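Structural overview
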Amino acid sequence: LVRIDTSTGARTAIGPMSGLSSGHTITGLSWDKTTSTMYALSTNGTTGTLYTCNLTTGALTSVGSTTGSALPIDLAINNAGIIYSVDIANPDRLTT
């Protein structure tokens, strides 16, 4: 996990994202401005997991498994705080 200064482009390493479920790969990262929370999304090919991400340490905390989505590939959060992801195994289905 890194922090990028948007005015200078300087990159600061925060550290590895720890706490990832076994066999999972991170597929998405998105900021929820309504709660000031960073979320991460991962999959192992059969199950997706949603996490909160500590922006100081990179530690992930599991929120839970994705429902009906085995291969969630990305994450987006709208201005109302509703989280969306796209599942590439279930012909590119958008889920909330």
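The shown structure was predicted, so the numbers you read here are calculated from the model rather than taken from an experiment.

What about the pairing of strand β7 (residues 72-77)?
Across five bridges, β7 lies against strand β8 (residues 83-87) in antiparallel orientation. Across the sheet, the residue bridging to Ile77 is Ile83, located in β8. From the end of β7 to the start of β8, which pair antiparallel, there are five residues, and Gly81 there has a positive phi angle of about 90 degrees.

Overview of unusual backbone geometry
Of note in the backbone geometry, Ser36 takes a positive phi value of approximately 55 degrees without being a glycine. Judged by relative accessible area, Ser36 falls into the exposed class, the value being 52%.

Here's the deal with the side chain of Ser42
Inspection of the secondary structure puts Ser42 in strand β4 (residues 37-43). One polar contact links Ser42 to His24, side chain to side chain, over a distance of 2.7 Å. With near-sequence residues (within four places) excluded, Ser42 lies in contact with Leu20, His24, Thr25, Ile26, Thr27, Thr47, Gly48, Thr49, Tyr51 and Pro72.

Conventions and cut-offs
- Residues numbered from 1 in each chain as written.
- Predicted model: local features only at pLDDT ≥ 70, side-chain atom pairs only at ≥ 80, totals over all residues.
- Heavy atoms only, no water.
- Pairing = 2+ DSSP bridges.
- Helix = DSSP H or I, 4+ residues; strand = E, 2+ residues; numbered from the N terminus.
- Buried < 20%, exposed > 50% of the residue type's maximum accessible area, 1.4 Å probe, protein only.
- Polar contact = N/O pair within 3.5 Å; in protein donor to acceptor, adjacent residues only side chain to side chain.
- Contact = heavy atoms within 4.5 Å.

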